[in-house]
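Inside the fold
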Amino acid sequence: MNQNFQQFMATELNRLHDEGLYNNIRVLESPQGAWVQINGKKLLNFCSNNYLGLANHPEVVKAAKIALDQYGIGPGAVRSIAGTMALHQKLETKLAEFKGAEAVLTFQSGFNANLAVIPAMVGKGDTIFTDELNHASIIDGCRLSRAKVKIFKHCDMTSLQEKLAEDSEGRKLIITDSVFSMDGDIAPLPQIVALAQKYDALVAVDDAHGEGVLGSHGKGVVDHFHLHGKVDAEVGTFSKAIGTVGGCVAGSKTLVEYLKQKARPFLFSSAVTPPDVAATMQAIAVLERDDTLVRKLWDNGNYFKAQMQKAGFDTGRSQTPITPVMIGDAKMATQMSERLLEAGIFAKPIVFPTVAKGKARIRVMISATHSKDDLNLALDKFTEIGKELGLI
Ligand SMILES: *Cc1c(COP(=O)(O)O)cnc(C)c1O
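Just so we're clear, the structure is a prediction, and the values are computed from it rather than from any experiment. Throughout this description, residue numbers start from 1 for each chain and increase along the sequence as written. Given that the model is predicted, a residue must reach a pLDDT of at least 70 before its local features are reported, and side-chain atom pairs must reach 80 or more before they are shown or counted; all residues, however, enter totals for whole chains, interfaces and linings. Derived side-chain values reflect all non-hydrogen atoms in the structure, with water molecules and hydrogen atoms excluded from consideration.

Within the protein chain, the regular secondary structure consists of 15 helices and 13 strands. Radius of gyration here is computed from C-alpha atoms only, and the compact-globule reference equals 2.2 Å multiplied by the residue count raised to the power 0.38. Taken over C-alpha atoms, the radius of gyration comes to 21 Å for the protein chain, in line with the 21 Å a tight globule of 392 residues would show. Overall, the C-alpha framework of the protein chain stretches about 60 × 55 × 55 Å when taken along its three principal axes. Contacts are assigned to residue pairs with any non-hydrogen atoms lying within 4.5 Å of each other. Once local pairs closer than 6 in sequence are excluded, the contacts in the protein chain between residues at least 24 apart make up 70%. Computed with a 1.4 Å probe, the accessible areas rest on the Shrake-Rupley method; for each residue, only the protein chains presented here act as cover. Working note: accessible area of the protein chain is about 17800 Å², and carbon and sulfur atoms make up 52% of it. Residues scored as charged are limited to Lys and Arg (positive) and Asp and Glu (negative), so that His and the chain ends carry no count. Taken as the charge centre is NZ of Lys, CZ of Arg, CG of Asp or CD of Glu, depending on the residue. Considering the protein chain, the positive charge centre built from 43 side chains and the negative charge centre built from 43 side chains are found 1 Å apart. Put simply, DSSP H or I for four residues or longer makes a helix, DSSP E for two residues or longer makes a strand, and each gets a number counted from the N terminus.

Here it is in structure tokens:
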């Protein structure tokens, strides 16, 4: 082992500890749910993106078990070489139908979907227009594409228009998160689409936090704004509201054909396993069947946010069930989270580099599985500890 490098890493880790930026990863001893177990203690969970409780839904689990017996576990190789399973194609057809898109291609994760689609849409000599708060996987996808990257101010259409009006060669691509995961606000997609039409740009949206949350039956941001057929690439993940794991891109049949020939994470990395695929398919079936879970999620989110504001907390600019509790100082956010943990509430501090310096917060992820009693318990604890720490 190289001692200089060991020393370099140890110094950096110490700095993270000193500045309150060290991420203390908790170990769960239970499945994901409204309550989880950590260090033998039951905690009320506000950290997961399992918005609808589908990660543990009996029908979803059962579908995975059946697929395991029917198809086994290993894919053998990448889909383009070992052949693709009928199951994966079935999921893609079902997803296209659900989203109202011509076609869908699935990937191993949402992260990989961005690494696949961005460099396939634009390359050297082209220009990307990207929101300053876009997800890390979009940032990395932009870098990999080698296109020129122009960053516009968060959800600021004047800023986007200014950048679009500047001289640029090649193809243009505007890309945005649909729901911004650290703030819970929604991108103004209709205005983005209008600007794209005016300046002849492509549009890609990453709907990771919109699927299962926005639109009729959680069909996502395109459905929410009635923009079917107006977005060139709709990126998604199954790891949030869908409750499983995997990613996808929805768009035209030609886009999907093209990605199958060009997208490197599709060509050089194996697909998710049959149980994952079957579970995702079942989760979509549950969503299609009725929208009770989606409505419960919104009721819970609206209730919690309103009560937190009443208690004097700043919940930022959220328009969705994601509830950021703005603190500012990273050390204070970490301290608050630790005090909450002692009180039985699992809510993580979000600090730099996930959010800007000085914008630390506790992010409360509300889900449809929380009961009113759960939410009231959390409200009591937040208020008690917030007062103790002088935050309200
Ligand atoms: C979570 C997230 C991803 C990554 O999804 P995974 O399936 O977990 O890889 C991508 N984009 C956005 C906006 C996300 O919030």
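The next thing to look at is the site of the ligand. Nearness is defined per residue: one heavy atom within 4 Å of the molecule or strand is enough. Around the ligand sit 13 residues in total, of which Gly110, Phe111, Asp206, Thr237 and Lys240 are the nearest. Interatomic distance of 2.6 Å between a side-chain N/O atom of aspartate 206 and a nitrogen atom of the ligand. Here an oxygen atom of the ligand and a side-chain polar atom of serine 239 are 3.1 Å apart. For the ligand, whose accessible area on its own is 390 Å², the fraction buried by protein is 86%. Gly falls in the polar group here, along with every residue not listed as nonpolar (Ala, Val, Leu, Ile, Met, Phe, Trp, Tyr, Cys, Pro) or charged (Asp, Glu, Lys, Arg). Along the lines of polarity and charge, the residues of the shell around the ligand split into 2 nonpolar, 8 polar and 3 charged. Whenever two N or O atoms come within 3.5 Å, that pair is a polar contact, provided that in protein one can donate a hydrogen and the other can accept it, and provided that, for residues adjacent in sequence, both atoms are side-chain atoms.

Together, Phe5, Phe8 and Met9 line one region of the surface with nonpolar side chains, adding up to about 310 Å² of accessible area. Throughout, exposure labels follow a simple rule: accessible area from a 1.4 Å probe, protein chains only, divided by the maximum for the residue type, with under 20% read as buried, over 50% as exposed, and the rest as partly exposed. On the accessibility criterion, phenylalanine 5 (43% relative accessible area) is partly exposed. Like-charged residues are merged into a patch within 9 Å and nonpolar side chains (Val, Leu, Ile, Met, Phe, Trp, Tyr) within 5 Å, provided each residue has over 30% relative accessible area and no salt bridge. Counted as salt bridges are all cases of a side-chain nitrogen of Lys or Arg within 4 Å of a carboxyl oxygen of Asp or Glu.

Before going further, it helps to examine the pattern of salt bridges. Tallied over the entire structure, the rule returns 15 salt bridges. Ionic pairing is found between glutamate 288 and lysine 94, a salt bridge with its closest N-O pair at 3.2 Å. In this pair, glutamate 288 sits in helix H12 (residues 274-289) while lysine 94 sits in helix H4 (residues 86-99), placing the two residues 194 residues apart along the sequence. Since its relative accessible area comes to 22%, lysine 94 is described here as partly exposed.

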